[in-house]
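Listed below are the residues making up each chain.
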Amino acid sequence: MAHDFYQLMNNKKEALSFKLLYITHSEYDKNWHSLTHTHHFTELFYIVSGKGSFVLPTHEISVQKNDLIVINPNVEHTERSNFKDSLEYIALGIEGIAFTLTDNDPYGLFTYQDDQDDILYQLKKLLYEVEKKRRTL
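Predicted model, so just to flag it, every value in this text is computed and none were measured. (Residues numbered from 1 in each chain as written. Predicted model: local features only at pLDDT ≥ 70, side-chain atom pairs only at ≥ 80, totals over all residues. Heavy atoms only, no water.)

**Points about the side chain of T42**
To be explicit about the condition: Numbered from the N terminus, helices here are DSSP runs of H or I no shorter than four residues, and strands are runs of E no shorter than two. Whenever a nitrogen or oxygen atom comes within 3.5 Å of another N or O atom, the pair is scored as a polar contact, on the condition that within protein one atom can donate a hydrogen and the other can accept it, and that pairs from neighbouring residues in sequence are kept only if both atoms are in side chains.
Structurally, T42 is set in strand β3 (residues 42-49). A distance of 2.5 Å separates the side chain of T42 from the backbone oxygen of I97, its partner in a polar contact.

Structure, rendered in C-alpha cells:
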C-alpha cells in the first residue's frame, strides 16, 4: 500500500476552534489493510481516482473520482477499493469540527462536477507544502 502521512506541528500564531491534524495521500495496492476504526476528529476524503466504498456500521457507500466523503468524529468506518479500478484519495484529519449533514447522518457524500480541478489543485498544493517542509527539517 502506498501511503504518505504528514503530521502537522502546532503553529502558535492564532488560536483556532479547529485544527488540521494531518493530510494523507493513499493509493490501493495488494497490501491495503481495510480495518474498521474510529477517530475523535472529522475526516474528509477526496477521491482522486478509481472506485471503491466506505463501509459504515449499517451500510456501505459507493464512491468514485471527484467524490468528497465527510466522516464525523467517532463514526466506525473503513475504506475498500475496487480491484479493477484502484481507489486513490487524499484525506484530511480535522479536530474540533463536525458537520450537520442530511437526515442527521454522521457522514456525507458530495460529488463535484465543476470545481474538481480547483479542489484537487489545492489539496495537492497542501501535500506539496507539507512534504517540502518535511524535507527541510
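Okay, back to it.
**A closer look at the sheet that holds β3**
Strand pairing in a sheet relies on backbone hydrogen bonds, with the paired strands running either antiparallel or parallel. This is how it is decided: Whether two strands pair comes down to DSSP finding at least two bridges between them. Only the contacting stretch of a helix is used when fitting its axis, a line to C-alpha atoms as for every element, and angles between N-to-C directions run 0 to 180 degrees. Two residues form a contact once any of their heavy atoms are found within 4.5 Å.
As summarised here, the arrangement of the 6 strands in space is β1-β2-β8-β3-β6-β9, forming an open sheet in which the pairing is antiparallel. Across the chains shown, the open sheet's two edge strands, defined by having one partner strand only, are β1 (2-7) and β9 (107-111). Averaged over all pairs of adjacent strands, the angle between their axes in this sheet comes to 15°, without regard to strand direction. Where helix α1 (residues 116-136) meets the sheet, it contacts β1, β2 (19-27), β3 and β8 (88-95), and its direction lies at approximately 100° from that of β2.

**Observations regarding the pattern of salt bridges**
Keep this limit in mind: The rule for a salt bridge is simple: a side-chain nitrogen of Lys or Arg has to be within 4 Å of a carboxyl oxygen of Asp or Glu. Exposure is judged per residue with a 1.4 Å probe applied to protein chains only, and the accessible area is read against the type maximum: over 50% gives exposed, under 20% gives buried, and values in between give partly exposed.
Evaluation of the coordinates by the stated rule reveals 2 salt bridges. Salt-bridge contacts for E60 lead to R80; the nearest nitrogen and oxygen are separated by 3.9 Å. Residue E60 is found in strand β5 (residues 60-64), and its partner R80 is found in strand β7 (residues 78-81); the two are separated by 20 residues along the sequence. With relative accessibility at 40%, the residue R80 sits in the partly exposed group. Close ionic contact of K125 with E129 constitutes a salt bridge, the shortest N to O distance being 3.8 Å. Within this pair, K125 and its partner E129 are both found in helix α1, separated by 4 residues, close to a single helical turn. On the accessibility criterion, K125 (35% relative accessible area) is partly exposed. Since its relative accessible area comes to 35%, E129 is described here as partly exposed.

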